[in-house]
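Structural characterization, general
Here is what each chain is made of, one letter per residue.
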Amino acid sequence: MADKDKVYKCLSPVGIESSVETYPLAPRLDKLDGKTIHFSITGEPDITIALDKKLKADYPSVNWTQKKSYMPMPVYLTEEEMKTTDAVILGVCW
Amino acid sequence: MPYLAKLEKAGIPTALIDFDDQHEMVKQEALTAGVPNIRYIPASRTTPGPEDVEQWIEPMLELLTKPLTEKEKESGMYTPSQDRVLFEGTLDEAQEFYQQTRVVPEPLNAPISVYTDGLPIIIPTEERVAEMLKGTSHKPEDLITYQSDRGGRFDRPMHKGDVVRFQPRSFTATVEKVAINAVMAGCKPEHLPVVLAIAESGVQTGTTVFNNQWMCLSGPVVKEIGINTGLGMMGPGNPAGMAIGRAYQLMAINLGGAVPGISRMSSIGSPINRVGLCFAECADKLPPGWKGLNEEFGFKKDESVVMVMGSEGGFNGAQFSPGGYRALQKSGHGGMARKLGVKGVPGPHNWLDWILPDIWVGDREGGRAFVMVHEMAKHLYDIGFKSKDEVLEYIWKKSFEPLKKYRDRSWVDLFTNGWLGNEPLSGKPWKELPDDYMVPAGGNSPQESCIIVCGSDEEICYEITATIRGMWGMQPVYSIDAWR
């Protein structure tokens with residue numbers, strides 16, 4: 001057999017991807033009124049300042065909480081804060 | 001994304017605001033985090049905030065209230081294929097297979113190679129990979145782990161023995177996987193310990209701006225593998241430098257899963273990363289008393305290391321003509337001598353005063369890697385700088401500027417966290433400092449910069465925008481000897 005016809009086993013250069021257990025999304029809220037919704041701000045103040053103002057103005061019956069970072073990484077809720085938070089909006093990085 | 005996943009798993013519904021061109025990345029990261037159906041909505045890159053928010057605030061809030069679909073209620077196990085043999089066939093057939101492309105949609109909308117950098121590769125047959133593995137004593141099945149404790153990204157420390165996660169997909173890799181990529185890049189077995197040390201860095205590719213990935217070798221390995229430290233050391237022609245540089249980029253593609261337009265979002269891209277850039281310092285031509293990179297970072301002179309950098313910024317050449325530089329130093333003639341006020345006075349003169357502090361004007365703040373030819377390093381030595389540290393201290397002190405001016409920079413809004421924290425040197429709140437408070441544009445310490453000496457003779461200096469001791473929060477120097 002000519003070399004050009006020889007069959008080779010060629011190996012995969014791709015990294016090892018772990019198996020992942022996938023989860024359903026959390027059940028959604030039945031309504032916004034009276035809920036504690038956390039706004040996790042990560043950069044893009046042109047958007048987040050405007051959003052923050054409008055959320056508070058248009059949805060006054062929501063208990064809005066907020067943590068802010070200019071970095072891509074959000075400031076996390078503590079375990080205690082998670083217990084009293086009904087939903088989280090995060091943006092614009094994550 | 002792990003944070004959003006944690007919240008969803010804890011029963012807290014989330015809504016993510018991203019940009020249109022980031023959806024593929026969101027989906028990929030969401031899967032990796034175990035919540036493949038995460039809900040997101042794009043903001044605009046161009047519409048002013050108030051107008052933009054008006055358009056999507058209601059659908060954004062619906063992400064929190066709209067009942068889950070059947071698909072969103074699903075749980076299960078994502079088990080990707082992990083075949084060791086990717087293809088069987090002739091070498092010609094294999095070349096065609098490994099050259100396959102996929103079209104990545106807007107904002108790219110062009111074919112992108114699945115397994116390569118777009119160029120033909122050396123086919124990683126079992127036989128070639130086995131030969132490559134002779135370059136290390138590590139077993140093929142050994143996972144790539146950190147060989148020493150080191151600071152980690154976003155202040156997460158890495159400990160010796162921790163498994164390296166290759167970004168952006170958080171894949172892991174074995175020694176064999178690295179060897180496969182080394183074969184594809186054209187490396188020889190004697191290059192493998194270098195490539196393994198580079199793999200230990202996780203071969204990151206940066207974010208959305210212009211991250212340049214480059215590597216600099218130091219120690220005996222430089223001569224062992226014959227990497228160019230002289231004229232043209234950053235250019236083409238040297239097999240070791242070319243192949244090792246390319247190995248970084250192939251590992252980023254294959255071990256990291258970095259795909260332009262999906263998970264590698266550098267807006268225009270960088271020519272530095274087109275094939276890969278690896279070079280080495282010329283330790284033989286360091287001025288007396290100046291340490292090599294290996295010793296600067298706590299290794300011994302006879303230990304081999306690689307500095308793995310991702311620098312967010314430019315590769316700027318000091319903009320003087322080599323002839324003008326010689327005129328300055330030989331006899332005090334020309335424009336450089338006029339600027340320094342040494343007309344007619346023979347050198348050596350401090351040429352740094354010609355480029356400082358202007359390198360930070362109109363350019364990004366932070367450290368620099370100064371890559372200079374040996375003659376220019378010798379001139380600094382001759383005028384009194386008996387160590388690199390003395391030079392770096394001098395450069396740093398020249399970088400101070402009033403806070404009023406510093407505030408006008410762009411990245412500082414981000415890195416001061418919106419000026420909410422304290423100025424690092426004084427420890428005082430940024431917002432309480434007066435306009436004339438002096439801030440170092442050259443980084444928080446002299447050691448954010450470094451000096452690399454090149455063996456070429458033509459008088460040139462590069463200033464690479466780079467925070468040497470902490471890019472991505474990682475200590476950037478890795479032992480090659482640990483991977484022999």
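Because the structure is a prediction, the values reported are computed rather than measured.

Here the focus is the overall build of chain A. Looking only at helices and strands, one finds 2 helices and 5 strands in chain A. Taking 94 residues into account, the globule formula puts the C-alpha radius of gyration at 12 Å, and chain A, at 23 Å, lies well above it. For the C-alpha atoms alone, the extent of chain A along its principal axes is close to 80 × 30 × 25 Å. Across chain A, the fraction of contacts at a sequence separation of at least 24, relative to all contacts at a separation of at least 6, is 80%.

Quick look at the overall build of chain B now. On a plain count of helices and strands, chain B comes out with 17 helices and 16 strands. Over its C-alpha trace chain B gives a radius of gyration of 25 Å, about what one expects of a compact globule, namely 23 Å for 484 residues. If you line up chain B on its principal axes, its C-alpha atoms span 80 × 60 × 40 Å. Within chain B, buried positions represent 45% of all 484 residues. Partitioning the contacts of chain B with sequence separation of at least 6, the portion at a separation of at least 24 is 74%.

Take the packing of helix H7 (residues 192-200) of chain B against helix H9 (residues 239-254) of chain B next. Residue and element names in this part refer to chain B. Close contact between H7 and H9 brings their axes to 10 Å; oriented N to C, the two are set at 40 degrees. If you check the angle between H7 and H9, you find them oblique. Crossing geometry of H7 relative to H9 is assigned as right-handed. Facing Val-194, Val-195, Ile-198 and Ala-199 of H7, the residues of H9 in contact are Ile-244, Ala-247, Tyr-248 and Met-251. Split by residue class, the contact of H7 with H9 holds 8 nonpolar, no polar and no charged.

Mapped onto the fold, B:Trp214 is located in strand E7 (residues 211-218). In this structure B:Trp214 comes out as buried when scored by C-beta crowding, with 23 C-beta atoms within 10 Å.

A few words on the nonpolar core. Residues and elements named next belong to chain B. Among the nonpolar cores identified, the biggest contains 108 residues, and Val-195, Ile-198, Ala-199, Met-215, Ala-247 and Val-306 are the most heavily contacted of them. With 10 residues, H9 is the single largest residue contributor to this core. Shared between two domains, this core holds at least three residues of each, these being domain 2 (91-313 + 474-483) and domain 3 (316-472). Sequence-distant contacts of Val-195, defined by excluding residues within four places in its chain, comprise Val-178, Ala-182, Cys-187, Ile-244 and Ala-247.

Moving on, we come to helix H6 (residues 175-185) of chain B. Across the 11 residues of H6(B), 11 count as buried, placing the element largely inside the fold. Within H6(B), burial applies to B:Val175, B:Glu176, B:Lys177, B:Val178, B:Ala179, B:Ile180, B:Asn181, B:Ala182, B:Val183, B:Met184 and B:Ala185. Buried residues belonging to H6(B) abut strand E1 (8-11) of chain A together with helix H5 (126-132), H7 and H9 of chain B. Looking one or two places after H6(B), you find B:Gly186, whose phi comes out positive at around 95 degrees.

Right, let's get into the packing of H6(B) against H7(B). Residue and element names in this part refer to chain B. Two numbers describe how H6 lies on H7: the axes approach to 10 Å, and their chain directions differ by 115 degrees. The crossing of H6 and H7 is right-handed. Counted together, Val-175, Val-178, Ala-179 and Ala-182 of H6 and Leu-192, Val-195, Leu-196 and Ala-199 of H7 form the full contact between these two elements. Residue composition of the contact of H6 with H7, by class: 8 nonpolar, no polar and no charged.

Further remarks concern the interface of chain A and chain B. At the junction of the two partners, chain A supplies 47 residues and chain B supplies 80 residues. Of all the elements in the fold, those that place two or more residues in the side of chain A that touches chain B are E1, strand E2 (20-22), helix H1 (45-58) and strand E5 (87-92) of chain A. Taken together, the residues that form the side of chain A that touches chain B break down as 31 nonpolar, 7 polar and 9 charged. Note that E2(A) and strand E3 (residues 76-78) of chain B share 3 bridges and pair antiparallel. Counterpart to A:Glu21 in the pairing with E3(B) is B:Met77.

Residues and elements named next belong to chain B. Of all 6 residues in strand E11 (residues 368-373), 6 are buried, a share of seventy percent or more. Looking at chain direction, E11 and strand E14 (residues 450-454) are connected through 5 bridges and run parallel. Note that in E14 the partner of Ala-369 across the bridge is Cys-450.

With that settled, consider the sheet that holds E14(B). Sheet strands associate in pairs through backbone hydrogen bonding, adopting either a parallel or an antiparallel arrangement. All names here are of chain B. Read across the open sheet, the 4 strands follow the order E10-E15-E11-E14; overall the sheet is mixed. Two strands bound the open sheet, and with one partner strand each, they are strand E10 (315-317) and E14. Each neighbouring strand pair of the sheet contributes to a mean axis angle of 20 degrees, computed without reference to strand direction. Relative to strand E15 (residues 461-465), E10 runs antiparallel, the two sharing 3 bridges. Looking across to E15, one finds that Gly-317 is bridged to Tyr-462.

Further remarks concern the sheet that holds strand E3 (residues 36-42) of chain A. Strand order across the open sheet formed by 5 strands is E4(A)-E3(A)-E5(A)-E1(B)-E2(B), with parallel pairing between neighbours. Edge strands, defined here as strands with exactly one partner in the open sheet, are strand E4 (63-69) of chain A together with strand E2 (40-43) of chain B. The average undirected angle you get between the axes of adjacent strands in this sheet is 20 degrees. In the sheet, E3(A) pairs with E4(A) via 7 bridges, with the strands oriented parallel. For A:Phe39, the partnering residue across the bridge sits in E4(A) and is A:Gln66. Sheet contacts for helix H1 (residues 2-9) of chain B: E5 of chain A together with strand E1 (14-19) of chain B; angle to E1(B), the most-contacted strand, approximately 155 degrees.

The rules behind these values
Residues numbered from 1 in each chain as written. Chains lettered and ligands numbered in written order. Predicted model: local features only at pLDDT ≥ 70, side-chain atom pairs only at ≥ 80, totals over all residues. Helix = DSSP H or I, 4+ residues; strand = E, 2+ residues; numbered from the N terminus. Rg over C-alpha atoms; globule rule 2.2 N^0.38 Å. Contact = placed C-beta atoms within 7 Å. Buried ≥ 20, exposed ≤ 12 C-beta atoms within 10 Å, placed from the backbone. Axes fitted to C-alpha atoms, helices over the stretch in contact; angles between N-to-C directions. Parallel < 35°, antiparallel > 145°, perpendicular 65-115°, else oblique. Left-handed = near helix turned anticlockwise from the far one by under 90°. Nonpolar A, V, L, I, M, F, W, Y, C, P; charged D, E, K, R; others polar. Core = buried A, V, L, I, M, F, W, Y, C linked by C-beta atoms within 7 Å. Domains from an automatic or database assignment. Pairing = 2+ DSSP bridges.

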